[in-house]
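Residues per chain, in single letters:
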Amino acid sequence: MDTSSASSYVYAKASGILARSYTGARAAKLFGVQKLAELWPLVFEEEVPAVPEILLAKIIEQKAAEKFISEYKKLLAAYDKPARILVDLLQYFDYENLKSLGAAAAMGQKEIPPLRDIKPYNLLRYSCWPSIQKITQGSELEWYDAAPAVADQQSLDNRLDLQFIEKLWASSQELFGEEKKMVQDLIAQRFSMRNVVWVLRLKLYYKMGQDQIVRRLAFLNAQNRRSDPLGGAALEILDKDIENWDEWKDWKYAKFLNPREDGALWSVDPRWVEESWEKDFIKKAIKKFHANPGAQTALLCWYYVKAKELDYIRMATEALRLNVKVQEI
């Protein structure tokens with residue numbers, strides 16, 4: 001199938017899947033059920049397994065992720081040669097798998113941990129477990145070549161995150177014109193706000209100083225960080241007092257802040273900022289998806305929307321499993 005025909009086919013199939021997805025107003029259906037057994041038929045066509053609730057929760061989360069990956073791989077397979085960035089997006093799961101493998105190896109675990117299967121697009125050779133060196137050998141992640149010390153896991157995970165972001169940005173550079181602009185705008189928005197939320201969390205929950213925080217942020221331009229498309233916005237809030245509304249009211253992202261009531265104590269809520277921004281981001285992704293039906297990279301928009309649906313399914317599952325309100329989750 002030529003690229004144009006493949007894009008038309010993918011757009012039609014992907015549109016149908018999005019129409020049935022639990023994002024936007026439809027997400028409320030996930031959070032309106034009272035039991036995990038009621039959540040199951042909303043997401044899957046098979047009958048509910050006859051297993052205890054705690055096990056059913058694990059099955060739902062695992063199966064939902066598998067469904068997301070399977071749908072994406074089927075759409076990707078329509079292209080004889082998909083844009084590299086579309087394959088790179090999927091390989092996010094290899095990076096996450098390696099974090100799980102590293103954690104298991106650090107603890108001396110013999111059994112391979114649960115992983116996300118993206119075959120045939122995988123970078124890693126999972127059959128070589130428990131040898132981390134053999135799993136990553138010959139791949140872009142071969143620098144991760146041994147079971148890490150527990151104390152080193154966080155820094156290694158951070159390095160994996162940074163490498164994945166750089167990988168996405170590099171593949172976006174292969175695009176042209178409006179397609180390149182659309183993709184880079186989405187990537188910049190996504191990781192810029194993640195940097196912002198990371199700053200807020202580290203300031204609020206861990207009381208970290210500026211130097212400690214900056215070392216944990218993602219940048220594309222280490223020499224000119226203030227104008228960096230990913231890290232610039234995060235650097236702008238390093239000096240802001242998270243309990244002083246006056247320092248935030250004119251912030252360029254103020255619309256994402258948790259509300260303030262007159263006379264009441266107020267503090268920036270990273271969770272509120274993240275979720276309100278995510279909703280806005282998903283609306284933009286859906287709009288860009290429908291505005292670019294003939295572009296391969298419309299599938300990137302679809303991926304981000306469906307990834308948010310997967311988050312919602314996890315949230316609903318955890319809320320039911322722990323018997324708490326979803327707002328608390």
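Source: prediction; values computed, not measured.

A. Quick look at the overall build of the chain. Scanning the chain from terminus to terminus reveals 13 helices and 0 strands. Listed by position from the N terminus, the elements making up the chain come as α-α-α-α-α-α-α-α-α-α-α-α-α. Against the 2.2 N^0.38 benchmark of 20 Å for 329 residues, the chain shows a C-alpha radius of gyration of 21 Å, consistent with a compact globule. If you line up the chain on its principal axes, its C-alpha atoms span 55 × 50 × 45 Å. Residue burial in the chain is summarised as follows: out of 329 residues, 47% are buried. By sequence separation, contacts in the chain at least 24 residues apart represent 59% of the contacts at least 6 residues apart. Accessible area of the chain: about 17,200 Å², with a carbon and sulfur share of 50%. The chain carries 47 positive and 46 negative side-chain charges, and their two centres are separated by 1 Å.

B. Examining the packing of helix α3 (residues 36-43) against helix α4 (residues 53-76) more closely. The N-to-C vectors of α3 and α4 enclose an angle of 15°; their axes lie 10 Å apart at closest approach. By the angle class used here, α3 and α4 are roughly parallel. The two elements α3 and α4 meet at a crossing, and its hand is left-handed. Packed against α3, whose contacting residues are Leu36, Ala37, Leu39, Trp40 and Val43, the element α4 presents Glu53, Leu56, Ala57, Ile59, Ile60, Lys63 and Lys67 at the interface.

C. Molecular detail of the nonpolar core. Counting 107 residues, the largest nonpolar core has Leu39, Tyr72, Trp248, Trp302 and Tyr304 as the members making the most contacts within it. A total of 14 residues in this core trace back to one element, the largest contributor, which is helix α13 (residues 298-322). Once you skip the residues sitting within four places of it in the chain, Tyr72 turns out to touch Leu86, Leu89, Leu90, Leu299, Trp302 and Tyr303.

D. The arrangement of the pattern of salt bridges in detail. In this structure the tally under the stated criterion is 21 salt bridges. Between Glu174 and Arg84 there is a salt bridge, with its nearest N and O atoms 2.7 Å apart. Highlighted residues: Glu174 in the loop between α8 (153-172) and α9 (177-205) and Arg84 in helix α5 (residues 84-90), separated in sequence by 90 residues. Relative accessible area serves as the criterion here: at 43%, Glu174 is assigned to the partly exposed category. Among the ionic pairs, Lys284 bridges to Asp280, the shortest N-O distance being 3.3 Å. Of this pair, Lys284 and Asp280 are both found in helix α12 (residues 270-291), 4 residues apart, which corresponds to roughly one turn of the helix. For Lys284, a relative accessible area of 32% gives the class partly exposed. Here the salt bridges do not stand alone but share partners, grouping Arg84, Asp88, Glu140, Lys167 and Glu174 into one network.

E. Layout of the packing of α9 against α13. Where α9 meets α13, the closest approach of the two axes is 10 Å, and the angle between their N-to-C directions is 25°. With respect to their mutual orientation, α9 and α13 come out roughly parallel. Where α9 crosses over α13, the two elements pack in a sense that is left-handed. Here Met182, Val183, Leu186, Ile187, Arg190 and Phe191 of α9 lie close against α13, whose contacting residues are Leu300, Cys301 and Tyr304. By residue class, the composition of the contact of α9 with α13 is 8 nonpolar, no polar and 1 charged.

F. Local environment of a negative patch on the surface. Side chains of Asp239, Asp241, Glu243 and Glu247 sit close together on the surface and give a patch of like negative charge. With respect to the helices and strands, Asp241 occurs in the loop between α11 (232-236) and α12. Exposure remark for Asp241: the relative accessible area of 36% places this residue in the partly exposed category.

Rules behind the numbers
Residues numbered from 1 in each chain as written. Predicted model: local features only at pLDDT ≥ 70, side-chain atom pairs only at ≥ 80, totals over all residues. Heavy atoms only, no water. Helix = DSSP H or I, 4+ residues; strand = E, 2+ residues; numbered from the N terminus. Rg over C-alpha atoms; globule rule 2.2 N^0.38 Å. Buried < 20%, exposed > 50% of the residue type's maximum accessible area, 1.4 Å probe, protein only. Contact = heavy atoms within 4.5 Å. Areas by Shrake-Rupley, 256 points an atom, 1.4 Å probe, with all protein chains shown as cover. Lys, Arg positive; Asp, Glu negative; His and termini not counted. Charge placed at Lys NZ, Arg CZ, Asp CG, Glu CD. Axes fitted to C-alpha atoms, helices over the stretch in contact; angles between N-to-C directions. Parallel < 35°, antiparallel > 145°, perpendicular 65-115°, else oblique. Left-handed = near helix turned anticlockwise from the far one by under 90°. Core = buried A, V, L, I, M, F, W, Y, C linked by side-chain atoms within 4.5 Å. Salt bridge = Lys/Arg side-chain N within 4 Å of Asp/Glu carboxyl O. Nonpolar A, V, L, I, M, F, W, Y, C, P; charged D, E, K, R; others polar. Patch = residues over 30% accessible without salt bridge, like charges linked within 9 Å, V, L, I, M, F, W, Y side chains within 5 Å.

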